[in-house]
Amino acid sequence: MSFTETFLNARILAIALPRVAEGFVVTVALAVLVVLAGLTAGLGLAVVRAFRLRALNLLIVFAVDLFRALPPLVIIVLLFFGLPGLGLSLSGFAATWLSLTLVLMAFAEEIFWAGILAVPAGQWDAARAMGLRFLPTLFLVVLPQAVRMTIPPLTNRTIAIIKGTALGSVVGMYEILASAQSVVSDHYNPSPLLLGAAAYLILFIPVVTFGRWVETRFAWKR
Amino acid sequence: MSFAETFLNLAIIQAAWPILMAGLWMTVKLTLVAVPLGLLGGLGIALLHGAPSRWVRWPVIAYVDFFRAFPPLVLLVLLYAGLPFAGIELSAFVCVAIGFLLNTSSYYGEIFRAGIEHIPAGQKEAAYSLGLSKPKTMLLVILPQAVRNVLPDLIGNTLEVVKLTSIASVVALPELLYQARQAQSVTYNPSPIVAAAAIYFVLLWPLVRLLSRLEHKAIAGR
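What counts as what
Numbering of residues starts from 1 in every chain and runs along the sequence as written. Both sets of labels track the order of writing: A upward for chains, 1 upward for ligands. pLDDT decides what is reported in this predicted model: residues at 70 or higher carry local features, side-chain atom pairs at 80 or more are listed and counted, and totals for whole chains, interfaces and linings draw on all residues regardless. Side-chain numbers here rest on the full set of heavy atoms in the structure, without hydrogens or water. Note on definitions: a residue-residue contact is assigned when non-hydrogen atoms from the two residues lie within 4.5 Å. Here the quantity called buried area is the accessible surface, traced with a 1.4 Å probe, that two parts lose on coming together, added over both. Take a side-chain nitrogen of Lys or Arg and a carboxyl oxygen of Asp or Glu: if they are within 4 Å of each other, that pair is a salt bridge. Polar contact is the term for a pair of N or O atoms within 3.5 Å; when the atoms are in protein, one must be able to donate a hydrogen and the other to accept it, and sequence-neighboring residues count only if both atoms are side-chain atoms. Every helix listed is a DSSP run of H or I at least four residues long, and every strand listed is a run of E at least two residues long, numbered separately from the N terminus. Definition used in this section: a nonpolar core is a set of buried Ala, Val, Leu, Ile, Met, Phe, Trp, Tyr and Cys residues joined via side-chain atoms within 4.5 Å. Exposure is judged per residue with a 1.4 Å probe applied to protein chains only, and the accessible area is read against the type maximum: over 50% gives exposed, under 20% gives buried, and values in between give partly exposed. Residues enter a patch when their relative accessible area is above 30% and they make no salt bridge; the linking distance is 9 Å between like charges and 5 Å between nonpolar side chains (Val, Leu, Ile, Met, Phe, Trp, Tyr). Shrake-Rupley sampling with a 1.4 Å probe provides the accessible areas, and residues are treated as covered by the protein chains on show and by no other component. Throughout, an axis means a line fitted to C-alpha atoms (over the contacting stretch in the case of helices), and angles, computed between N-to-C directions, take values from 0 to 180 degrees. Convention used here: angles under 35 degrees read as roughly parallel, angles over 145 as roughly antiparallel, angles from 65 to 115 as roughly perpendicular, and any remaining angle as oblique. Crossing handedness follows the turn of the near helix against the far one: under a right angle anticlockwise gives a left-handed crossing, and clockwise gives a right-handed one. Think of it as three bins: nonpolar holds Ala, Val, Leu, Ile, Met, Phe, Trp, Tyr, Cys and Pro, charged holds Asp, Glu, Lys and Arg, and polar takes everything else, Gly as well.

A. A look at the interface of chain A and chain B. Of the residues lining the interface, 49 residues belong to chain A; the matching set on chain B comes to 54 residues. For the chain A and chain B pair, buried surface summed over both sides reaches about 4,700 Å², with 70% attributable to carbon and sulfur atoms. Put simply, chain A and chain B have four salt bridges between them. In this structure, the salt-bridge partner of Glu110 of chain B is Arg212 of chain A, at a minimum N-O distance of 3.4 Å. Between chain A and chain B we count eight residue pairs in polar contact (both at pLDDT 80 or more) in total. Where the side of chain A that touches chain B is concerned, the elements lending two or more residues are α1 (3–7), α3 (54–69), α4 (72–82), α5 (92–118), α7 (134–162), α8 (176–187) and α9 (191–217) of chain A.

If you want it as structure tokens, here you go:
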């Protein structure tokens, strides 16, 4: 068989296209849900940490460290194969979503918290002197400045984590990679893999370019 | 079955311990291959990025963006399942090494590049005026300062590389996660996966702690 027949087989690609397209939708949906939940949870934890309640903060730091130290695939496998032991079965989608959300939450909390700490103490003092209470100071004065500083590292981290959506293929989630692989094994032809690869590039090259732009726009100087 | 028997079944963990240790050794070997390869490749990329000709610079930027956009698992599956169709049979270990070189060198490359670009031009001019050659200036003046400045990012990326070795389980390379999955599927008990997660956590937690300190220092010093 010629190279094109093997790797760019039109007949196989035609079969694969609708399935990879379905996988594409699943990947995008998963990525969006992970970003929304992960960033919200991370910001929430950083806000809770700002209250500086010792016992609670130790717990937050431990959770953050845990999800920064464990490989995402290990978390996914653990949730998918472990939770049924508690009588709780998660679908591949739910297990992947929950795992990546926890990982993004941990990284986002760390970055938001570093941002909050980086706002000079004078900002707190000034706001309190103006008669603002703790929460309005945090939300109206400190967080807007902190979040702006955290945008470049947060963007890069978020991109790195949503590329982990492909890990869902390991627990039977039909995202791009798994859909492509299923056609490969049905027809013993690798063309769908190249189609899947192209789908990832179509999805992530704009995202990476956007990340590059954000980095220069909000230059993160040392 | 009780919670402990399901998730922390000591008899099962004990039985699985030898293969878990064999898996850990494979993870260590993978790390020892992937990290130096990635660092060297990344350094090469960063140096090429500083080339005066755009015919060198642009392909380098394209390379970096391409492999940052490509999920590493997809790259790995493409190499492992795709190349045999082209008549190239590589062992799982070699596939993983190549995939990691392509992926991690682009991340390390971006870090080195940022470090080099942040060194003031005066350093280079001073070195030239002292009679140092171009390579000597780079090696003895620019790089030592650049590496020190981006050390937290280098450590952070290295942590990500170690965690990433877990995806090698997908191409049946018997590293820690793969062995834990094997033990789990034989015993129908998730304890080996819990044990593997604990091993990852114990080994990587110190690195996460160190990183968290360095990151806070970097942000506080801005």
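B. Geometry of the nonpolar core. If you look at the biggest cluster of nonpolar residues, it comprises 102 residues, and the most contacted ones within it are Leu177 of chain A together with Val96 and Ile167 of chain B. Among the elements that take part in this core, helix α10 (residues 191–220) of chain B stands out by supplying ten residues, more than any other. Ignoring sequence-local partners within four residues, the contact set of Leu177 of chain A consists of Ala166, Ser169, Leu193 and Tyr200 of chain A together with Leu73, Val74 and Val77 of chain B. In this structure, Ala46, Val47, Ala108 and Ile111 of chain A belong to the second largest nonpolar core, which totals 15 residues.

C. Seen up close, the environment of Thr155 of chain A. Residue and element names in this part refer to chain A. Within the fold, Thr155 resides in helix α7. Put simply, Thr155 and Leu117 are 38 residues apart on the chain and 19 Å apart in space, counted from C-alpha to C-alpha. Residues in contact with Thr155, not counting those within four places in the same chain, are Phe210, Gly211 and Val214. There is a polar contact of 2.6 Å between the side chain of Thr155 and the backbone oxygen of Ile151.

D. How the structure looks around the pattern of salt bridges. Going through the model one piece at a time under the given rule, you end up with eleven salt bridges over all chains. A salt bridge links Asp65 of chain A to Arg209 of chain B; its shortest N-O distance comes to 2.7 Å. A residue pair is termed interchain when its members come from two chains, as with Asp65 of chain A in helix α3 and Arg209 of chain B in helix α10. The buried category is assigned to Asp65 of chain A, whose relative accessible area is 1%. Residue classification places Arg209 of chain B among the partly exposed positions, given a relative accessible area of 28%. With a closest N to O distance of 3.8 Å, Glu160 of chain B and Arg157 of chain A form a salt bridge.

E. Local environment of a nonpolar patch on the surface. Residues and elements named next belong to chain A. Together, Val48, Phe51, Leu53, Leu56, Leu59, Leu135, Phe139 and Leu140 make up a nonpolar patch on the protein surface, roughly 740 Å² of accessible area in all. Elements supplying a minimum of two residues to the nonpolar patch: α3 and α7. The element contributing the most residues to the nonpolar patch is α7, with three residues.

F. Local environment of the packing of helix α2 (residues 10–49) of chain B against helix α5 (residues 92–117) of chain B. Residue and element names in this part refer to chain B. One way to put it is that α2 packs onto α5 with a least axis distance of 5 Å and a crossing angle of 45 degrees. One element, α2, and the other, α5, form an angle in the oblique class. Between α2 and α5 the crossing geometry is right-handed. Partitioned by chemical class, the residues of the contact of α2 with α5 number 19 nonpolar, eight polar and three charged.

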